[in-house]
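# Reading the structure
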Amino acid sequence: MLLIEPDAVAKIDSACITSGIPGFALMNVAGRAVSAAALRDYPGALRYVVLVGPGNNGGDGYVAAKALIEAGATVALFRLFDGQPTTDDAKRAAAECACPVQKLEEYVPMKGDVVIDAVFGAGLTRGLPASLIACIDKVQSAGLPVIAVDIASGVCGRTGRILAGALHADLTVTFMAPKIGQMLLPGRIHSGRLEVIDIGTPLRLLERFASSTGINHPAVWQIYSGPRAADTHKYSHGALTVFSGGASQSGAARLAAAAALRAGAGLVTIAAPTEAMAVNANHMTAIMLREVDDQNDLAQLLEDKRLQTFILGPGFGVGDKARDFALALATRRLVLDADAITSFRDRPEDLFDAFALGETRLILTPHDGEFSRLFPDLAANQALSKVERAQHAARRAHAVVILKGADTVIADPAGRATININAPPSLATAGSGDVLAGLCGAFLAQNYPAFAAACAAVWHHGDAAQRAGAGLTAERLINFIET
Ligand SMILES: NC(=O)C1=CN([C@@H]2O[C@H](COP(=O)(O)OP(=O)(O)OC[C@H]3O[C@@H](n4cnc5c(N)ncnc54)[C@H](O)[C@@H]3O)[C@@H](O)[C@H]2O)[C@@H](O)CC1
Ligand SMILES: [K+]
């Protein structure tokens, strides 16, 4: 699904005007859509309270207030102090709205009020004024329902961050396409339910100005996921090797391996050190086992050219061995997770250089902590959104980066990115990351390009968790993977 950045809103607006679609016509559709949503969702409201700001977001608010009055509703309109309309369209909308204007400071919440937030939209450039923050506190502590126009005031449409105070909306009526800041946290939480209204912007303009970031969706990998041919062979469906840690840390590799098998990898092998052979053998049936202690053993293993895909990290332990193994695997496809990521803390460029040439074949799966060990400067840069951090990291590492969290972002070195939105909070459970690494390996082994493999893995991870429901454990999650 398309996403847009706040900067694009103004560009689309002026391109519409050039195409003969006046901005005021768009504003009219937008404002009327807000009014319709308010009447539909809150037909029992005693009063609709419209809060308006100085720009076109305020303009939408005047249009909504006018439409609500025409529908016979009781409406009160409060304007941000110093918030006289500044744009021609907003001036016209204000002039056409018969509702008396009061100062924002004068608003006293009453039971039965439904608040419509049309103070700031895509044009918010700095933290909210004190009078608005005070008003937000009043609204929020009165527990009134809030409908945000385009985006909840105070949420940055690019980063999803709160610049200084922000409303919590129950419903956001947004226009053209969702904004990136409505998909990233905490902006997604502040948006409440999101309704996207087509206000008549031509699709060609939307596509021209849309972000290279989209919502993660099966369309990204669909073309690689067709049914297996009748003459299929387990090697043609991907031989995947997962490295196990020592005897007491081998569970993580088994979770990854089991998830990979479930997600369609043809042949899954655990490569374990001698001390972990027995424990792995006792816990596995369909998964093969191979003894690999050191670099010599690994070199021997790599002589088998059918083995093209590897997972290194879950339960593996931090240190030289993880680093040496990763570098030895640099000509193959590799999912680098957990401890193996941390192992490059002191010399991340060794890893990045090793995978610099040829097709993208490295997938990194850091959570925030691991990310900050490999990319400390990007992690500390508060100006960057989570999407931008992942994009910069992917370019630098010549890798697909899965920056995990409740709003996982997947980015590739070419600048493509998706934001995943199907993961329930229950996924924050021990071993869940190992299952994700296994899914990445499974799709990579089935010859999906790295970006498609990562997107598919993250989506199926969330999808399985949704179907598994409450009481989620990593073992249970694997049983709900359906590809
Ligand atoms: N295609 C379009 O572009 C359309 C845009 N529409 C609406 O227009 C909105 C964007 O309009 P604008 O670009 O006018 O942006 P806003 O309505 O968000 O407001 C921008 C104004 O607020 C001021 N401002 C920004 N941050 C401030 C702060 N912290 N304190 C005080 N003042 C601040 C700016 O100087 C500017 O005057 C969208 O969100 C949407 O609601 C709709 O009318 C439909 C069509
Ligand atoms: K708003």
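This one's a predicted model, so the numbers in the text were calculated from it and none came from an experiment.

## What about the nonpolar core?
By size, the foremost hydrophobic cluster in this structure holds 161 residues, and its most contacted members are Ile116, Leu312, Ile363 and Ala454. Ranked by residue count, the leading element in this core is helix α18 (residues 450-468), at 12 residues. Counting contributing residues, this core receives three or more from each of domain 1 (6-211) and domain 2 (218-479). If sequence neighbours within four positions are ignored, Ala454 has contacts with Ile363, Val400, Ile402, Ile410 and Cys440.

## Some points on helix α3 (residues 56-70)
In this model, α3 (15 residues) spans 21 Å end to end at C-alpha, consistent with the 21 Å of a helix rising 1.5 Å per residue. Counting buried positions along α3 gives 13 out of 15 residues, so the element sits mostly inside the fold. A positive phi of about 95° marks Gly72, the residue just after α3.

## Some points on the domain arrangement of the protein chain
Along its sequence, the protein chain is organised into domain 1 (6-211) and domain 2 (218-479). One C-alpha centre belongs to domain 1, the other to domain 2; they are set 42 Å apart. Counting from both sides, the interface comprises eight residues of domain 1 and, opposite them, seven residues of domain 2. Taken together, the residues of the side of domain 1 that touches domain 2 sort by class into four nonpolar, two polar and two charged.

## Comments concerning the sheet that holds strand β15 (residues 400-403)
Pairing is mixed in the open sheet, where 10 strands are placed in the order β8-β17-β16-β15-β14-β13-β12-β9-β10-β11. Each end of this open sheet is capped by a strand with a single partner; those strands are β8 (213-215) and β11 (288-291). Between one strand axis and the next, the sheet turns through 20° on average, direction left out of account. Relative to β15, strand β14 (residues 362-364) runs parallel, the two being bridged by two bridges. What sits directly across from Ile363, in β15, is Val400.

## Regarding the site of ligand 1
In the region of ligand 1, 31 residues are neighbours, and Asp13, Gly55, Asn56, Gly121 and Gly123 sit closest. Broken down by secondary-structure element, the contributors of at least two residues to the shell around ligand 1 are α1 (6-18), α2 (23-41) and α3. Of the residues forming the shell around ligand 1, the biggest block, five residues, is contributed by α3. Of the residues contributing to the shell around ligand 1, the split by class is 15 nonpolar, 12 polar and four charged.

## Quick word on the pairing of strand β13 (residues 333-336)
Across a regular strand the side chains alternate sides, sitting on one face of the sheet and then on the other. Where burial is concerned, the two faces of β13 agree: the one with Arg333 and Val335 and the one with Leu334 and Leu336 are both buried. Sheet analysis places strand β12 (residues 309-312) next to β13, joined by four bridges and oriented parallel. Residue pairing in the sheet places Thr309 in a bridge with Arg333 of β13. Following the backbone out of β12, through helix α11 (residues 320-328) and into the adjacent parallel β13, one traces a crossover that is right-handed.

## Section: the packing of α2 against α3
Relative orientation of the contacting elements α2 and α3 amounts to 55°, with a least axis distance of 7 Å. Compared by their axis directions, α2 and α3 come out oblique. As for how α2 packs across α3, the hand of that crossing is right-handed. Across from Met27, Asn28, Ala30, Gly31, Arg32, Val34, Ser35 and Ala38 in α2, the residues of α3 making contact are Asn56, Gly59, Asp60, Val63, Ala64, Ala67 and Leu68. Broken down by class, the residue content of the contact of α2 with α3 amounts to eight nonpolar, five polar and two charged.

## A word on the environment of Gly83
For Gly83, the location among the structural elements is in the loop between β2 (75-79) and α4 (88-96). What makes Gly83 buried here is the crowd of 23 C-beta atoms within 10 Å. A sequence separation of 25 residues divides Gly83 from Gly58, and the C-alpha atoms of the two residues are 8.9 Å apart.

## Some points on the packing of helix α8 (residues 251-262) against helix α17 (residues 432-445)
Each pair of packed helices can be described by the angle between their axes along with the distance between the axes. Close contact between α8 and α17 brings their axes to 7 Å; oriented N to C, the two are set at 45°. One finds that α8 runs oblique with respect to α17. Pair α8 / α17 crosses with right-handed handedness. Side by side, α8 and α17 meet where Ala252, Leu255, Ala256, Ala257, Ala258, Ala259 and Ala260 of the first sit next to Asp434, Val435, Ala437, Gly438, Leu439, Gly441 and Ala442 of the second. Across the contact of α8 with α17, the residue classes tally to 11 nonpolar, two polar and one charged.

How each quantity is defined
- Residues numbered from 1 in each chain as written.
- Chains lettered and ligands numbered in written order.
- Predicted model: local features only at pLDDT ≥ 70, side-chain atom pairs only at ≥ 80, totals over all residues.
- Core = buried A, V, L, I, M, F, W, Y, C linked by C-beta atoms within 7 Å.
- Buried ≥ 20, exposed ≤ 12 C-beta atoms within 10 Å, placed from the backbone.
- Helix = DSSP H or I, 4+ residues; strand = E, 2+ residues; numbered from the N terminus.
- Domains from an automatic or database assignment.
- Contact = placed C-beta atoms within 7 Å.
- Expected span 1.5 Å × (residues − 1).
- Nonpolar A, V, L, I, M, F, W, Y, C, P; charged D, E, K, R; others polar.
- Pairing = 2+ DSSP bridges.
- Axes fitted to C-alpha atoms, helices over the stretch in contact; angles between N-to-C directions.
- Near = placed C-beta within 6 Å.
- Right-handed = clockwise from strand over helix to strand, strands pointing away.
- Parallel < 35°, antiparallel > 145°, perpendicular 65-115°, else oblique.
- Left-handed = near helix turned anticlockwise from the far one by under 90°.

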